[in-house]
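Overview (structure and organization)
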Amino acid sequence: MNNLTTRSEPRATPTSSSHPRPAYEATIERIFAHTADTRSFFLRFPPGHSLAFKPGQFISLLLPVAGETLIRPYSIASSPEEGSLLEICLNLVPDGPGSHYLFARTVGETLRFTGPWGTFVCEQLPPAEGVFIADGTGIAPIRPMIRCALATEPRFPVRLLYSASQESELLYRQEWEAHARACPWFVFTPLLRHPADGRAGLRGSLLVEYVERCYVAEDSDRSRHFYICGVGQQVTELRDLLRCGGYQRRAVQY
Amino acid sequence: MAKLRVLYETGEPERVIEFDPAQAPFQHDGQPGSILDVMLGHGVELEHACGGNCACTTCHVIVKRGMEHLSENSETEDDLLDKAPGLTPTSRLGCQAVIASDDGEEIVVLVPRYTINQQV
């Protein structure tokens with residue numbers, strides 16, 4: 001077992017073809033089913049150990065599948081302050097060997113991984129409105145980012161646009177609503193493609209249409225910063241929409 | 001056949017891979033026929049923390065020769081490289097740079113000493 005508390009300094013770490021990164025192990029302490037095909041896995045480190053990471057980063061699970069080791073990245077949905085407990089949140093992907101392997105795991109089993117990785121981070125919001133855009137399980141890295149943003153002074157407006165197919169797929173909804181009640185500078189905007197009240201379902205472009213209307217077509221403020229996480233082509237569509245709409249390239253992260 | 005020569009800033013011995021681009025993919029990570037695909041498929045390791053999905057910069061390589069034989073950068077690749085340490089005008093992500101040449105001309109890449117993704 002590697003010492004997870006003595007994380008790397010300097011920030012950059014050496015690469016080597018013959019000396020791969022150290023892998024860590026943690027035990028599955030709890031599994032929570034958000035929906036039939038979306039689960040959170042809570043990974044507990046051994047006593048005295050924790051993983052230092054920045055909100056938005058991910059770990060790479062090393063999964064023994066069919067005689068080889070699959071590398072599967074999963075964003076960390078918990079906050080660095082939670083210490084020795086790490087949460088990842090994922091969908092069961094049809095024909096996806098990695099997610100199928102994970103969905104077959106039970107409490108008490110161990111998982112190996114490397115990390116933390118990734119440069120999609122938000123340690124400190126710039127002095128402007130921060131707009132977080134998530135779709136489905138893309139909320140995972142956004143969650144610790146928003147927690148961090150809401151706990152940081154000085155305060156600037158923070159908004160979460162969160163799209164999902166239906167109500168049950170809006171993960172951590174109670175948490176977002178609690179934040180909105182406690183923090184008047186935080187606005188939670190859920191966007192459902194198939195509302196339960198019988199209204200005509202909006203198409204998959206709902207998020208793109210909403211962002212175009214609110215932040216490009218009907219507004220001239222270009223000082224906002226955007227943090228986008230989702231699945232598939234929608235992410236690059238949003239990136240292109242915002243950059244072509246006049247926002248600075250580095251103000252649109254994804 | 002194409003030829004990929006891999007140099008290491010750490011001083012490790014270089015590796016030379018001869019391969020037929022038409023046989024790609026050589027394994028399952030990264031774009032088929034990419035530098036990462038060619039290296040892994042021929043037993044030459046290259047870090048790829050995101051599984052070769054263009055979500056990190058751990059497979060950052062610096063192309064020393066043969067840039068014209070590689071696929072064009074996407075905006076997503078450029079955005080990621082923007083955050084890579086030691087960025088150079090010929091930096092590429094190994095998982096995205098697909099080798100198009102099969103005329104035998106050698107492509108030379110350098111694996112840099114550092115990556116930034118394991119950062120805290």
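Placed above this text is the structure.
Reference entry: report on the structure contained in this document.

Rules of the game
Residues numbered from 1 in each chain as written. Chains lettered and ligands numbered in written order. Predicted model: local features only at pLDDT ≥ 70, side-chain atom pairs only at ≥ 80, totals over all residues. Heavy atoms only, no water. Helix = DSSP H or I, 4+ residues; strand = E, 2+ residues; numbered from the N terminus. Rg over C-alpha atoms; globule rule 2.2 N^0.38 Å. Pairing = 2+ DSSP bridges. Axes fitted to C-alpha atoms, helices over the stretch in contact; angles between N-to-C directions. Buried < 20%, exposed > 50% of the residue type's maximum accessible area, 1.4 Å probe, protein only. 1 Å grid on protein atoms, 1.4 Å probe; cavity = no way out; pocket = protein on both sides within 12 Å on 5 of 7 lines; lining within 4 Å. Points joined across faces, edges and corners; volume = space filled by probe spheres on them. Phe/Tyr/Trp six-rings, centres within 6.5 Å; stacked < 30°, edge-to-face > 60°. Patch = residues over 30% accessible without salt bridge, like charges linked within 9 Å, V, L, I, M, F, W, Y side chains within 5 Å. Areas by Shrake-Rupley, 256 points an atom, 1.4 Å probe, with all protein chains shown as cover. Salt bridge = Lys/Arg side-chain N within 4 Å of Asp/Glu carboxyl O. Lys, Arg positive; Asp, Glu negative; His and termini not counted. Charge placed at Lys NZ, Arg CZ, Asp CG, Glu CD. Contact = heavy atoms within 4.5 Å.

**Some points on the overall build of chain B**
Within chain B, the secondary structure is distributed over two helices and six strands. Mapped in sequence order, the helices and strands of chain B form the string β-β-α-β-α-β-β-β. Here the C-alpha radius of gyration of chain B, 13 Å, is about what a compact globule of 120 residues would show, namely 14 Å. With the C-alpha coordinates of chain B rotated into their principal frame, the extents come out at 40 × 30 × 25 Å.

**A look at the sheet that holds strand β3 (residues 60-65) of chain B**
Residues and elements named next belong to chain B. An order of β2-β1-β5-β3-β4 is seen for the five strands of this open sheet, with the pairing classed as mixed. Edge positions in the open sheet fall to β2 (15-19) and β4 (91-93), since each of these has one partner strand only. On average, adjacent strands in this sheet sit at an angle of 35 degrees to one another, irrespective of strand direction. Here three bridges tie β3 to β4, and the two strands are oriented antiparallel to one another. Among the inter-strand pairings, V61 is bridged to a residue of β4, identified as R92.

**Regarding the environment of L192(A)**
All names here are of chain A. Relative to the helices and strands, L192 is located in strand β10 (residues 186-192). Residue classification places L192 among the buried positions, given a relative accessible area of 15%. In this structure the C-alpha to C-alpha distance between L192 and E169, which are 23 residues apart in sequence, comes to 9.1 Å.

**Concerning empty space enclosed by the protein**
Residue and element names in this part refer to chain A. Scanning the entire structure with this criterion turns up one cavity of 30 Å³ or more. Volume-wise, the largest cavity comes out at about 40 Å³. Considering the residues around the largest cavity, the lining is formed by I133, A134, D135, L207, I228, C229, G230, Q234, V235 and L238. Mapped onto the lining of the largest cavity, the elements with two or more residues apiece are β8 (130-135), β11 (225-229) and α5 (233-244).

**Structural notes on the packing of aromatic side chains**
Given two aromatic rings, their pairing is described by the distance between the two centres and the angle made by the two planes. A full pass over the atoms with the stated rule returns seven aromatic pairs over all chains. Aromatic pair F45(A) and F113(A): ring centres 5.8 Å apart, planes at 65 degrees, arrangement edge-to-face. Residue F45(A) is located in the loop between β3 (38-44) and β4 (58-65), and its partner F113(A) is located in strand β7 (residues 110-117); the two are separated by 68 residues in the primary sequence. The exposure class of F45(A) is buried, given its relative accessible area of 3%. Of the residues examined, F113(A) reaches a relative accessible area of 0% and is grouped as buried. Each ring, one from F19(B) and one from F26(B), has its centre 5.9 Å from the other, and the planes form 90 degrees; the classification is edge-to-face.

**Section: a negative patch on the surface**
A cluster of like negative charges, contributed by E68(B), D102(B), D103(B) and E105(B), occupies part of the molecular surface. Relative to the elements of secondary structure, E68(B) occurs in the loop between β3 and α2 (75-81).

**Re the side chain of H179(A)**
Residue and element names in this part refer to chain A. Its place among the elements puts H179 in helix α3 (residues 173-182). Residue classification places H179 among the buried positions, given a relative accessible area of 17%. What H179 contacts, discounting residues up to four positions off in sequence, is R147, L150 and F186.

**Observations concerning the sheet that holds strand β6 (residues 85-91) of chain A**
Residues and elements named next belong to chain A. A sheet is described by the order of its strands in space; here six strands give the open sequence β5-β4-β7-β2-β3-β6, paired in antiparallel fashion. Across the chains shown, the open sheet's two edge strands, defined by having one partner strand only, are β5 (68-75) and β6. Across the sheet, the axes of successive neighbouring strands diverge by a mean angle of 40 degrees, strand direction being ignored. Inspection of the sheet shows strand β2 (residues 24-35) paired to β3 by seven bridges, in the antiparallel sense. Paired with A33 across the two strands is R39, which belongs to β3.

Purely geometric stuff here, so don't read any function into it on its own.
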